[in-house]
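Observations on the three-dimensional arrangement
Residues per chain are reported as follows:
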Amino acid sequence: MLKKEKYLYFLILMNSVEKNIVNSIKKGKKLFAWLIDPDKVSPETFEKKLIKAKKFNIDLIFLGGSLLVEDKITEYIKTIKKYFSIPVILFPGSTNQVNKNADAILFLSLISGRNPDFLIGRHVEVASIIKKTSLAVLPTGYILVESGRQTTASYISNTFPVPHHKADIAVSTAIAGELLGLKYIFLDGGSGALKSIDTQMISAVKKNINIPLIVGGGIKESEQLKNAYNAGADIVVVGNIIEDNFDKLQEFTKIKASFGG
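Thresholds applied
All residue numbers here refer to positions counted from 1 along the written sequence of the relevant chain. Per-residue local features of the predicted model are confined to residues with pLDDT of at least 70, and side-chain atom pairs are confined, for both listing and counting, to 80 or more; whole-chain, interface and lining totals are unaffected and use all residues. Hydrogens and water are ignored here; the side-chain numbers use all heavy atoms of the structure. Only Phe, Tyr and Trp rings take part, Trp by its six-membered ring, and two of them pair if their centres are within 6.5 Å. Stacked means planes under 30 degrees apart, edge-to-face means over 60, and tilted covers everything else. Helix numbers and strand numbers start at the N terminus; a helix is a DSSP run of H or I with at least 4 residues, a strand a run of E with at least 2. Burial classes follow relative accessibility: with a 1.4 Å probe on protein chains only, a residue under 20% of its type's maximum area counts as buried, one over 50% as exposed, and anything between as partly exposed. We define a salt bridge as a contact between a side-chain nitrogen of Lys or Arg and a carboxyl oxygen of Asp or Glu at a distance within 4 Å. Here, axes are lines fitted to C-alpha atoms. For helices the fit covers the stretch in contact, and angles between N-to-C directions go from 0 to 180 degrees. Here is the rule for angles: anything less than 35 degrees is roughly parallel, anything more than 145 is roughly antiparallel, 65 through 115 is roughly perpendicular, and the remaining ranges are oblique. By convention, the crossing between two helices is left-handed when the near helix turns anticlockwise from the far helix through less than a right angle, and right-handed when the turn is clockwise. Contact between two residues is taken to exist if any of their heavy atoms lie within 4.5 Å; hydrogens are not considered. For two strands to count as paired, DSSP must find a minimum of two bridges between them. The definition of a right-handed crossover adopted here requires that, viewed with the strands pointing away, the path from the first strand over the helix to the second runs clockwise.

**A few points about the packing of aromatic side chains**
In this structure the tally under the stated criterion is nine aromatic pairs. Between Phe-62 and Phe-91, the aromatic rings sit 6.1 Å apart at their centres with planes inclined by 65°, giving edge-to-face as the arrangement. Here Phe-91 lies in the loop between β3 (88-90) and β4 (104-110) and Phe-62 lies in strand β2 (residues 60-63), a separation of 29 residues in the sequence. Taken individually, Phe-62 and Phe-91 each receive the classification buried, so the pair is uniform in this respect. With 5.1 Å between their ring centres and 45° between their planes, Tyr-229 and Phe-259 make a pair best called tilted. Taken as a pair, Tyr-229 in helix α8 (residues 222-231) and Phe-259 in the segment after α10 (247-257) lie far apart in primary sequence, 30 residues in all. The exposure class assigned to Phe-259 is partly exposed, which follows from its relative accessible area of 22%. By the ring-pair criterion, three or more aromatic residues cluster together here, those being Phe-62, Phe-91, Tyr-142 and Phe-186.

**With respect to the pattern of salt bridges**
Counted by the stated rule, this structure contains 10 salt bridges. With a closest N to O distance of 2.7 Å, Lys-82 and Glu-47 form a salt bridge. In this pair, Lys-82 is assigned in helix α3 (residues 73-83) and Glu-47 in helix α2 (residues 43-53), connecting sequence segments 35 residues apart. Of the residues examined, Lys-82 reaches a relative accessible area of 53% and is grouped as exposed.

**Some details on the packing of α8 against α10**
Between α8 and α10, the shortest axis-to-axis distance is 10 Å and the interhelical angle comes to 30°. The orientation of α8 relative to α10 falls into the category roughly parallel. The crossing of α8 and α10 is right-handed. Contacts from Ser-222, Leu-225, Lys-226 and Tyr-229 in α8 reach Glu-251, Phe-252, Ile-255 and Lys-256 in α10.

**Some words on the pairing of β2**
Of the two faces of β2, both are covered, the one formed by Leu-60 and Phe-62 as well as the one formed by Ile-61 and Leu-63. Where strand β1 (residues 31-36) lies against β2, four bridges are found, and the strand directions are parallel. Of the residues in β2, the one forming a bridge with Ile-36 is Leu-63. Taking the sense of rotation as the criterion, the β-α-β connection linking β1, α2 and β2 turns out right-handed. Where β2 and β3 come together, three bridges link them in parallel fashion. Bridge pairing in β3 places Leu-63 opposite Leu-90.

**Structural notes on the sheet that holds β4**
Sheet architecture is closed into a barrel: eight strands sit in the order β1-β2-β3-β4-β5-β6-β7-β8, paired in parallel fashion. Sheet twist, expressed as the mean angle between neighbouring strand axes with direction ignored, is 30°. When strand β7 (residues 213-216) meets strand β8 (residues 235-238), the two strands line up parallel, connected through three bridges. Each residue of the ladder has a partner; that of Val-215, found in β8, is Val-236.

In structure tokens:
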């Protein structure tokens, strides 16, 4: 493939993933993302879960974690693609989680923190690598929110999260991210969050930005999922509780469907 053709292909693929997400949101649909952490999934049961999950109304699969003890990303992507045609989007906690076999990558800038490594440093390390792949790049302003205890994300990034009750800080941070040209805002309590994001914070951020809002962390019950959607979340990401109780995946996707998704 010629260099020009490869670049055009890159743009087409990027637009296809992004257009599907944005068009769904513009139509008023709510989206549900199942977060899969390769370190927390048993290879022995993973395929069985995928076969069962194929019946559920999942829109996106996020793949990644704050740590990657074993490099199983390629293997897991290929297994997922055996059963799903929905986008597999990398949610990388480190540069070694970039993988050309996925469909897209959340290009995360930790705008709630002041650690330059996670604002731009790590991005420079992998930019040339990503450019050579066909991954759709989703530039995302990542805002860590205090969730009741220190999470792996805050520990690894060496940053302080936005206080749980400080919606005004989250709003100003999200606006800054949008003005910088980021295309998504992600409010996240982090893996293992005790509390979900406060609905007042979700609502306040949504009212002040014109780009899609992703919300994750600490969602364990149906009411929390409903509250997040009602407050303005366009995409809700759930992972930990599904690892502990797989039946929650069907329960949550049924709720998502009731919001027109």
